[in-house]
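Residue-level listing of the chains:
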Amino acid sequence: MFSRSSALKVDSPRLESAGALNAFRSDLIARQDPDQTLVVVCHGTGCMANGSTKVTAAFQKALAGADIKAKVMPGIKTTGCQGFCSRGPLVLIRPQGLFYQRVKERDVEEIIQRTLIEGQPVERLLYKDPQTGERIHTEQEIPFYKLQQRVVLHNIGKIDPTDITDAIAAGAYQALAKALSGMTPDQVLAEVEQSGLRGRGGAGFPTGRKWRSALAAIEKKGRPVYVVVNGDEGDPGAFMDRTIMEGDPHAVLEGLILGAYALGAEQGYLYVRAEYPLAIQHLEIAMAQARELGLLGDNILNSGFSFDARINRGAGAFVCGESTALFTSIEGKPGNPRPKYTRSVEEGLWGRPTILNNVETWANVPLIIDKGGDWYAGLGVPHSTGTKVFSLVGKVNNVGLVEVPMGVPVSRIVEAIGGGVPGGAPFKAVQTGGPSGGCIPYDLKETPVDFDSLTRAGSMMGSGAMIVMDDSDCVVDVARYFLRFLEEESCGKCLPCRLGLTRMREMLDAFSKGMGTEQDIEDLISLSQAIQDGALCALGSSAPNPVLTTIKYFRDEYRAHFRDHKCPAGVCKDLITFAIDPEACTGCRSCARQCPNDCISGEKKQPHVIDASRCIRCGICKETCKFDAVRVS
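First, a word on what this report is: a plain description of the structure on this page. Owing to the predicted nature of the structure, the values given are computational and were not obtained by experimental measurement.

A closer look at the overall build of the protein chain
- Secondary structure assignment for the protein chain yields 25 helices and 21 strands.
- Expected size for 633 residues packed as a compact globule is a radius of gyration near 26 Å; at 27 Å, the protein chain falls within 12% of this value.
- Once the C-alpha set of the protein chain is aligned to its principal axes, its extents read approximately 80 × 70 × 40 Å.
- Taken over 633 residues, the protein chain has a buried fraction of 57%.
- For the protein chain, contacts bridging at least 24 residues in sequence account for 70% of all contacts bridging at least 6.
- Each charge class in the protein chain can be summarised by its mean position, and for the 70 positive and 74 negative side chains these summaries are 2 Å apart.

So, in structure tokens, the structure goes:
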């Protein structure tokens, strides 16, 4: 995973059949020593940002010069995101299964001495259960992992995503070999239909039905037909698709090839936002290695089926996650939506029948073909089968990537797996579905997380971002944030979006300043419904969701802003004041030194005072104070 050029080399001739692939895999497994000690370092984007590359380099340097008896693989194995992002950088010692968290360069020598040489754990680096205070040794015992069911993510954190041999040994391309050697295209499609898989990109449309509709369009219009991966993940707080592309690019690629086989496509596209450079790099390596082995390109596995794919980089426009905008972007035009008089399965890319699914949807397909549609349908709940990957962020102890069966309650994800809100208070709400989703209040924490239940609650599954809020979050401010984001990201092509979102944001701005009336709330609801009915694409039609759900479940908080002229959460700047409690203030002058407007005065070791007339309400004083002496009212 350190050198792109070395990662591209595959020590094998082109595989000419499914049997050759199976023999190659058997040989790879036979070469593995299950008893060999292996240091596994997380190289997901989050851990890398926290210094995991430095940890890896420290291990390499230290192991190269260490005189140890333990059998350690030369060259440290690096993987994609292991999920527990708030605890990174993460290091696992296999086969013992020791799980080390928040590892720094300075910890490497101790790990080598204590664990690799003496065979003992480094206790201070083990996960500490917040309830019992007990140190937990292995990944499987930690509630964050123990309560998940990793299906799509089963190889992420285990394989080196830049080494196709590692992926093949773990089962990659077995489903493709099965399909090409013993299944017709229609049998592949039938398994996807039987599985009940629904699109994981937001709308939740049944994948098998979409594919079947494309076949019907092909019969009328003929070929070519295209298959496309939507990797343009732009929701704030979302990183599920990025993690899959970075950590197991072969799962996405194999799913795309299987879809192409089912539909008779010869060309595919992976549309990935340019802000995901590591995902793009790993996909490029995976595709090059797959071509080298005969798993992509002409006459795959000597089956007579040919298919190739290319990567298109998105420029970062959120609206390009919408299907028609994505297609126009691939075609080299500005990424603007177009009216859907016909669906993309009939007229998509270049006016041809096109299947567009998101990253997670495609990554499910190999599992369905390998284990069967009935197996997959047994996961989750009826009408929402399988598992779902969520990025769990916000005011929650265990920030990270979570995969659970469809239908589990919100509380299981946020409280049992996520560890609840810091400090132990109940969460206030959970925003599901990104900026186009809605807020689920604490009172509805037992709501099952599936497509239909979330829709009934006024929210949506979306791509899978879950943002947890506590009492320090203002719902008016949250609705403003998401609406402002969508207003800026809108292409402006249709009037409901161009003018409607701006007017909604202006009304929310007024609420945040203590202005407004009860009628304004009703007008906001009416305007939201008009935008939902009239917008050109899903960006506009789903944009009012955060506003509608916060009004539905937190109307009294809206009223407090214009009736009482106060923000209960202490967030809206025009409705709050900062003051220092003289009983709690120690006169340390920390707040005075940090204040950007020099409006805090007082002698050292004496209570300080804030000049309210000059205070810009930035909140730095409250963040800086170690004695909780700054009060917000």
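Quick look at the packing of aromatic side chains
- One pass over the full model with this rule turns up 17 aromatic pairs.
- Summarising the aromatic geometry, the rings of Phe84 and Phe144 are spaced 4.2 Å apart at their centres and angled 10° between planes, so their arrangement reads as stacked. Of this pair, Phe84 sits in the loop between strand 2 (77-79) and strand 3 (91-94) while Phe144 sits in helix 6 (residues 143-146); the two residues are 60 residues apart in sequence, bridging distant segments of the chain. Residue Phe84 shares its accessibility class with Phe144, and that shared class is buried.
- Look at Tyr481 and Phe482: their rings are 5.2 Å apart centre to centre, the planes differ by 65°, and that puts the pair in the edge-to-face class.
- Residue classification places Tyr481 among the partly exposed residues on the basis of a relative accessible area of 39%.
- An aromatic cluster of three or more residues is present, and its members are Phe84, Phe99, Tyr127, Phe144 and Tyr145.
- Directly above the ring of Phe390 sits Lys388, whose terminal nitrogen or CZ lies 5.4 Å from the centroid.

Concerning the side chain of Gln431
- Here Gln431 shows up in strand 15 (residues 429-432).
- Note on Gln431: relative accessible area 1%, which makes it buried.
- Within polar-contact distance, the side chain of Gln431 engages the backbone oxygen of Gly434 at 2.7 Å.
- Ignoring anything within four residues of it in the chain, the contact list for Gln431 reads Gly437, Gly438, Cys439, Ala465, Met466, Ile467, Met469, Phe482 and Pro546.

Topic: the sheet that holds strand 3
- As summarised here, the arrangement of the four strands in space is 2-1-3-4, forming an open sheet in which the pairing is mixed. A single partner strand is all that each edge strand has here, and the edge strands are strand 2 and strand 4 (98-100). Across the sheet, the mean angle separating the axes of adjacent strands is 25° when strand polarity is ignored.
- As defined by bridge partners, strand 3 adjoins strand 4 across three bridges and the pair is classed as antiparallel.

Re the environment of Pro337
- Position of Pro337 among the secondary structure elements: in the loop between helix 14 (323-330) and strand 10 (354-358).
- Owing to a relative accessible area of 0%, Pro337 belongs among the buried residues under this scheme.
- C-alpha of Pro337 to C-alpha of Gly492: the two residues are 155 residues apart in sequence and 9.9 Å apart in space.
- Ignoring any residue separated from it by four or fewer positions in sequence, one finds Pro337 in contact with Val319, Glu322, Thr324, Ala325, Cys491, Lys493, Leu536 and Cys537.

Conventions and cut-offs
- Every chain begins its residue count from 1, and numbering advances along the sequence as written.
- The predicted origin of the model limits local features to residues at a pLDDT of at least 70 and limits the giving and counting of side-chain atom pairs to 80 or more, whereas totals for whole chains, interfaces and linings rest on all residues.
- Each side-chain value is derived from all of the structure's non-hydrogen atoms; neither hydrogens nor water enter the calculation.
- Strands here mean DSSP runs of E at least two residues long; helices mean DSSP runs of H or I at least four residues long; both are numbered from the N terminus.
- For a compact globule the rule gives 2.2 Å times the number of residues to the power 0.38, and the radius of gyration it is set against comes from C-alpha atoms.
- Exposed residues in this analysis have more than 50% of their type's maximum accessible area, buried residues have under 20%, and partly exposed residues fall in between, with area computed by a 1.4 Å probe over protein chains only.
- Contacts: residue pairs with any heavy atoms within 4.5 Å of one another.
- Here Asp and Glu are counted as negative and Lys and Arg as positive; His is not counted, and neither are the chain ends.
- For charged residues, the charge sits on one atom: NZ in Lys, CZ in Arg, CG in Asp, CD in Glu.
- Side-chain rings of Phe, Tyr and Trp, where Trp is taken by its six-membered ring, are said to pair if the distance between their centres is within 6.5 Å; with planes under 30 degrees apart they count as stacked, over 60 as edge-to-face, and otherwise as tilted.
- For a ring to carry a charge above it, either NZ of a lysine or CZ of an arginine must fall within 6 Å of the ring centroid while also lying within 35 degrees of the normal to the ring plane.
- Residues adjacent in sequence count toward polar contacts only when both atoms are side-chain atoms; beyond that, a polar contact is any pair of N or O atoms within 3.5 Å, and within protein one must be able to donate a hydrogen and the other to accept it.
- When DSSP finds two or more bridges between a pair of strands, those strands are recorded as paired.
- Working convention: axes come from line fits to C-alpha atoms, limited for helices to the stretch in contact. Angles between N-to-C directions cover 0 to 180 degrees.

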